Amino acid sequence: MNELRLVFAVVASVLSGFAFYFYAKQVKLGQSKPNIATWSISVFLMLLNTLTFQDMSKDKVATLQLVVGFAGAVIVFFYALVKGKFSRPKPTELLSLLFGVCAGVVWYVFRQAASANMIILLALLVALYPTWKAVYQNPFSDTPRSWVMWSTAYSITTVNILLGMSNPDWHAVSLINPVVGVVAHGLVAFLSRENRKLQFQ
């Protein structure tokens, strides 16, 4: 069982890594113009998400995907420094940053990892809202490939956590993080799918 969980973790991590690679490639080719402020906030949130999830779940295998995701976000952030631009953070970004700071306080000061991770998930959803809105109004504003890969990676991690139910530290709340990841990333993929783009031509 442990070997199977490790295989699942590696597959999910590879998918997540390739998703960031394809996104970074879009940035390099000028197909995406990332905002430095946006990605600096994203890096902060993803670091907190990784740390609080590991602290909450005590599941290093399931956390591997989040570690790779954080590393991918750091790489895109550095691409943004070179290729992107700096714009003032939007209200939703400032709100997600505020949630992130609150989560950090809840985790570090009050030692409530599960509560902090739930706040981080809320922050990430707030940060994703402009993307959902943009792709809903114009499916050409994004491409589904990376989002499908991220959603699939979170699906595999969800199964992986279920496989670890025999672990004495297992908690059902650990499932919330990857399930939210499946839905949040899958929604962008669904809204930017090719047959929907045909309806907007």
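What comes next is a walk through the structure. Predicted model, so just to flag it, every value in this text is computed and none were measured.

Each value, and the rule that gives it
Residues numbered from 1 in each chain as written. Predicted model: local features only at pLDDT ≥ 70, side-chain atom pairs only at ≥ 80, totals over all residues. Heavy atoms only, no water. Helix = DSSP H or I, 4+ residues; strand = E, 2+ residues; numbered from the N terminus. Rg over C-alpha atoms; globule rule 2.2 N^0.38 Å. Buried < 20%, exposed > 50% of the residue type's maximum accessible area, 1.4 Å probe, protein only. Contact = heavy atoms within 4.5 Å. Areas by Shrake-Rupley, 256 points an atom, 1.4 Å probe, with all protein chains shown as cover. Lys, Arg positive; Asp, Glu negative; His and termini not counted. Charge placed at Lys NZ, Arg CZ, Asp CG, Glu CD. Core = buried A, V, L, I, M, F, W, Y, C linked by side-chain atoms within 4.5 Å. Axes fitted to C-alpha atoms, helices over the stretch in contact; angles between N-to-C directions. Parallel < 35°, antiparallel > 145°, perpendicular 65-115°, else oblique. Left-handed = near helix turned anticlockwise from the far one by under 90°. Nonpolar A, V, L, I, M, F, W, Y, C, P; charged D, E, K, R; others polar.

Topic: the overall build of the chain
Phase 1 of the analysis: A tally of helices and strands in the chain yields eight helices and zero strands.
Phase 2 of the analysis: Going from the N terminus to the C terminus, the chain shows its helices and strands as α-α-α-α-α-α-α-α.
Phase 3 of the analysis: For 201 residues, the compact-globule estimate of 2.2 N^0.38 gives 17 Å, and the C-alpha radius of gyration of the chain, at 17 Å, lies within 12% of that figure.
Phase 4 of the analysis: Across its three principal directions, the C-alpha atoms of the chain cover 55 × 35 × 30 Å.
Phase 5 of the analysis: When burial is assessed residue by residue, the chain has 43% of its 201 residues classed as buried.
Phase 6 of the analysis: At a minimum sequence separation of 6, the contacts of the chain that also span at least 24 residues come to 80%.
Phase 7 of the analysis: Carbon and sulfur atoms make up 70% of the accessible area of the chain, which totals about 10500 Å².
Phase 8 of the analysis: Distance between charge centres in the chain, computed from 16 positive and 7 negative side chains, equals 13 Å.

What about unusual backbone geometry?
Phase 1 of the analysis: Its identity is not glycine, yet Lys58 carries a phi of approximately 55°, on the positive side.
Phase 2 of the analysis: Examined against the element boundaries, Lys58 turns out to sit in the loop between α2 (36-57) and α3 (60-83).
Phase 3 of the analysis: For Lys58, a relative accessible area of 43% puts it in the partly exposed group.
Phase 4 of the analysis: With a phi angle near 60°, Arg111 is a residue other than glycine that sits in the positive phi range.
Phase 5 of the analysis: Summarising the element assignment, Arg111 is placed in the loop between α4 (91-108) and α5 (113-137).

Notes on the environment of Leu128
Phase 1 of the analysis: Secondary-structure assignment places Leu128 in helix α5.
Phase 2 of the analysis: In the structure, Leu128 is positioned twelve residues away from Phe140 in sequence and 17 Å away in space, judged by C-alpha atoms.
Phase 3 of the analysis: With near-sequence residues (within four places) excluded, Leu128 lies in contact with Trp147 and Ala184.

Some remarks on the nonpolar core
Phase 1 of the analysis: One finds Phe20, Tyr23, Trp39, Ala73, Val76, Trp147 and Trp150 to be the most contacted residues of the largest nonpolar core, which totals 22 residues.
Phase 2 of the analysis: Among the secondary structure elements, those contributing two or more residues to this core are α1 (2-28), α2, α3, α5, α6 (144-163) and α7 (176-191).
Phase 3 of the analysis: In this view, Phe20 contacts Trp39, Met46, Gly69, Gly72, Ala73, Val76 and Trp150; residues no more than four positions away in its chain are not counted.
Phase 4 of the analysis: Residues Leu48, Val106, Ile120 and Tyr154 belong to the second largest nonpolar core, which totals 17 residues.

A short note on the packing of α2 against α4
Phase 1 of the analysis: With their axes 10 Å apart at the nearest point, α2 and α4 run at an angle of 30° to one another. Classed by the angle they form, the pair α2 and α4 counts as roughly parallel. Of the two elements, α2 crosses α4, and the hand of that crossing is left-handed. Here Thr38, Ile41, Phe44, Leu45, Leu48, Leu51, Thr52 and Asp55 of α2 lie close against α4, whose contacting residues are Glu93, Ser96, Leu97, Gly100, Val101, Gly104 and Trp107.
Phase 2 of the analysis: Class assignment of the residues belonging to the contact of α2 with α4 gives a composition of eight nonpolar, five polar and two charged.

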